Amino acid sequence: MTGRVAVLTLNRPAKRNAITPEMATALRAHATALDADPQVRAVVLTGAGDRAFCAGSDVGELDRYATPWDFRNRDDYGDTIRALRTPVIAAVNGFAFGGGLELALACDIRLAASTATFAAPEIKLGWIGGSGQSALLAHSIGPGNAATMLLTGDPIDAARALAWGLVTEVTEPASLLPVALALAERIAARAPIAAQTAKANLRAAYSMPLEQAIRYERDLQTVCLSTADATEGRAAFAQRREPRFTGE
């Protein structure tokens, strides 16, 4: 952890950071602890090494589940990241395949190294993704581009991911983590209640009709205006200084 920014690193580089059940459980524990820590105002999620962000679930581990229903009720790592109230940036440093793509989609912002590639290859093995892959892809890159990825299983490179809107920035590999950390620090400098509210509001906007979404936004705005941080923000504006947000 650096200041108000925490880095979560998937650390299994020899296996392209493919996730085992034990890793999924550990990820949930770490994410829950970070979300409960008022000092943490932004999170960067990345993978160890220079080859992979995450290759998804370790396929060799899937037979450990006694039944498909047991697999259905496992600790789902995509659910874990989506459940975070704290803003999360994905620093995609290599392969983001299958569940790795779902992990990236679960983050609020995605940055990629120029060497990164993205794929939904499950169809090549006889199944489909199960952690919001279709819905989140369609929201991010549109239904036609999502269909291309989901129905072929073929990878796209970082340049195409940027053109399609899957990522917001592509950097040289050595610059990826510093750029992600700098962005996270900018977010962490904002009022934390407002940042978490903005994230919640954006998520809600995807699933609500327009008029309902606008009303919800106004309700959340009212909540933010009642905070000490909002009072501090107005005072700082009037005094032409930087605000000192405390998360209250």
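Residues numbered from 1 in each chain as written. Predicted model: local features only at pLDDT ≥ 70, side-chain atom pairs only at ≥ 80, totals over all residues. Heavy atoms only, no water.

(A) Looking closely at the pattern of salt bridges. Counted under the stated rule, the structure contains six salt bridges. With its nearest N and O atoms 3.2 Å apart, the salt bridge here joins Asp108 to Arg203. Here Asp108 is found in the loop between helix 4 (99–106) and strand 6 (109–113), whereas its partner Arg203 is found in helix 9 (residues 192–207), with 95 residues between them in sequence. What makes Asp108 partly exposed here is its relative accessible area of 29%. For the salt bridge of Asp154 with Lys124, the shortest nitrogen-to-oxygen distance reads 3.0 Å. One end of the pair, Asp154, is in the loop between helix 6 (143–152) and strand 8 (156–157); the other, Lys124, is in the loop between strand 7 (117–119) and helix 5 (133–141), and 30 residues separate them in sequence. With relative accessibility at 53%, the residue Lys124 sits in the exposed group. (Salt bridge = Lys/Arg side-chain N within 4 Å of Asp/Glu carboxyl O. Helix = DSSP H or I, 4+ residues; strand = E, 2+ residues; numbered from the N terminus. Buried < 20%, exposed > 50% of the residue type's maximum accessible area, 1.4 Å probe, protein only.)

(B) Structural detail: the nonpolar core. Formed by 39 residues in total, the largest nonpolar core has its most connected members in Leu45, Phe53, Ile81, Val92, Leu103, Phe118 and Leu166. Beyond its immediate sequence surroundings of up to four residues, Ile81 is in contact with Leu27, Leu45, Val88, Leu103, Ala106 and Cys107. Ala42, Ile89, Ala91 and Leu176 belong to the second-largest nonpolar core, a separate cluster that totals 13 residues. (Core = buried A, V, L, I, M, F, W, Y, C linked by side-chain atoms within 4.5 Å. Contact = heavy atoms within 4.5 Å.)

(C) Quick peek at the sheet that holds strand 3 (residues 52–54). With mixed pairing, the four strands of this open sheet are ordered in space as 3-5-7-8. With one partner strand each, in any of the chains shown, strand 3 and strand 8 form the two edges of the open sheet. Of the strand pairs in this sheet, strand 7 and strand 8 are connected by two bridges, and their pairing is antiparallel. Residue pairing for strand 8: Phe118 is matched across the bridge by Ile156. (Pairing = 2+ DSSP bridges.)

(D) Summary view of a nonpolar patch on the surface. On the surface, Val59, Leu125 and Trp127 cluster together into a nonpolar patch covering about 280 Å² of accessible area. Along the polypeptide, Trp127 turns up in the loop between strand 7 and helix 5. (Patch = residues over 30% accessible without salt bridge, like charges linked within 9 Å, V, L, I, M, F, W, Y side chains within 5 Å. Areas by Shrake-Rupley, 256 points an atom, 1.4 Å probe, with all protein chains shown as cover.)

(E) Looking closely at helix 4. Counting buried positions along helix 4 gives eight out of eight residues, so the element sits mostly inside the fold. Buried within helix 4 are the following residues: Gly99, Gly100, Leu101, Glu102, Leu103, Ala104, Leu105 and Ala106.

Function cannot be read off these values alone, since they describe shape.
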